[in-house]
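An overview of the molecular structure
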Amino acid sequence: PSRPAAMRTCTSDAGVTTTAGTDTSLKNITTDLNGVALAIPATSTIRIVFSIRKGSGAANVMQGRVGLNTTNFMSAAGRAWTAATNGAGDGQVVVIIGPRATNYQTSGALHAHSYDGAEFVADYSATTANWAPTTTITDIQINGQNNGGSITVGVANVKVYEELGG
C-alpha cells in the first residue's frame, strides 16, 4: 500500500494584512521559515492555505488571485472568494498546484469557502494553458481585490507547504 507524501512547511505567517484598495498585494512570500530564500522545485506539489475576510458597507465581492514568481494562477483579474452581500464575512482559501514540467503546466486548483450572510463555495482551475513556471518557485503573491473599492478585504494565517516525495 502507498503512504501519504510528507509535507514540508515552507512558510507560516500569522500576520493579518488588509486593504481597502481595489487591487492590492496582500502578501508577497519570498523566504521560508528560516528566513532563507524560498526555493520550491518544479517537481514538487505546492499547497497554499490562508484565511480571508471582507468588511461590510456595500454588496461587493472579495476577489483574489495567487501568483507564482511573476505568473498569475487563473486570471489577472482574479476570481470571487466571497458572495456579493453587504455583510462582513470570512473564510478559507486552499490552492493546490501540481508538479510542473514543459507541456504539463496547467495543473492547479483553488477552493474558496466563505460566509458573509450567504454561504459561498467555489472551485476554480487554471484559465490559461501552460501558465505555471517550470523553474524553481522563489516568490508567491496573494492579491486581494474588491469589485467596488468600498469594502476592506484581507488575508491572514498564510501557510505554504511543499509536498515531498514519498
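Described below are features of the structure shown in this document. (Residues numbered from 1 in each chain as written. Predicted model: local features only at pLDDT ≥ 70, side-chain atom pairs only at ≥ 80, totals over all residues. Heavy atoms only, no water.)

Further remarks concern the overall build of the protein. In terms of regular secondary structure, the protein is built from 0 helices and 12 strands. The secondary structure elements of the protein, listed N-terminal to C-terminal, are β-β-β-β-β-β-β-β-β-β-β-β. The buried share of the protein, taken over its 166 residues, is 45%. As displayed, the protein has an accessible area near 7500 Å², and 51% of this comes from carbon and sulfur atoms. (Helix = DSSP H or I, 4+ residues; strand = E, 2+ residues; numbered from the N terminus. Buried < 20%, exposed > 50% of the residue type's maximum accessible area, 1.4 Å probe, protein only. Areas by Shrake-Rupley, 256 points an atom, 1.4 Å probe, with all protein chains shown as cover.)

To continue, consider the packing of aromatic side chains. All told, the structure shown has 1 aromatic pair when counted by the stated rule. The interplanar angle of 55° and the centroid separation of 5.4 Å between the aromatic rings of F50 and W81 together place this pair among those described as tilted. Taken as a pair, F50 in strand 4 (residues 45-54) and W81 in the loop between strand 7 (79-80) and strand 8 (89-97) lie far apart in primary sequence, 31 residues in all. Comparing F50 with W81, the two get one shared label, buried. (Phe/Tyr/Trp six-rings, centres within 6.5 Å; stacked < 30°, edge-to-face > 60°.)

Counting buried positions over the 7 residues of strand 5 (residues 62-68) gives 7, a clear majority of the element. Residues of strand 5 alternate between two faces, with M62, G64, V66 and L68 on one and Q63, R65 and G67 on the opposite face, all of them buried. As defined by bridge partners, strand 5 adjoins strand 7 across 2 bridges and the pair is classed as antiparallel. What sits directly across from Q63, in strand 7, is A80. (Pairing = 2+ DSSP bridges.)

For the rest of this paragraph, the subject is the pairing of strand 4. Most of strand 4 is tucked away: 7 of the 10 residues are buried. Two elements, strand 4 and strand 12 (residues 153-163), share 9 bridges in a ladder whose sense is antiparallel. By the bridge assignment for strand 12, R47 is matched with Y161. Relative to strand 8, strand 4 is paired through 9 bridges, and the arrangement is antiparallel. Looking across to strand 8, one finds that R47 is bridged to I96.

Here the focus is the side chain of T82. Tracing the backbone through its elements, the reader meets T82 in the loop between strand 7 and strand 8. Exposure remark for T82: the relative accessible area of 2% places this residue in the buried category. Within the local environment of T82, its side chain forms a polar contact with the backbone nitrogen of M62, the two atoms lying 2.9 Å apart. Here T82 is in contact with I52, K54, N60, V61, M62, S114, D116 and F120, once residues within four sequence places are set aside. (Polar contact = N/O pair within 3.5 Å; in protein donor to acceptor, adjacent residues only side chain to side chain. Contact = heavy atoms within 4.5 Å.)

Here we take up the pattern of salt bridges. Side-chain pairs of opposite charge can arise whenever the charged atoms involved come near each other. Within the structure shown, the criterion is met by 3 salt bridges. Linking R47 and E163 is a salt bridge whose minimum nitrogen-to-oxygen distance equals 3.0 Å. Taken together, the residues span a long stretch of sequence, with R47 in strand 4 and E163 in strand 12 at a distance of 116 residues. By relative accessible area, E163 is classed as partly exposed at 24%. Note that K54 is salt-bridged to D116, the shortest N-O span being 2.9 Å. Of the two residues, K54 is situated in strand 4 and D116 in the loop between strand 9 (109-115) and strand 10 (119-125); the sequence distance between them amounts to 62 residues. Of the two residues, K54 and D116, both sit in the buried class. (Salt bridge = Lys/Arg side-chain N within 4 Å of Asp/Glu carboxyl O.)

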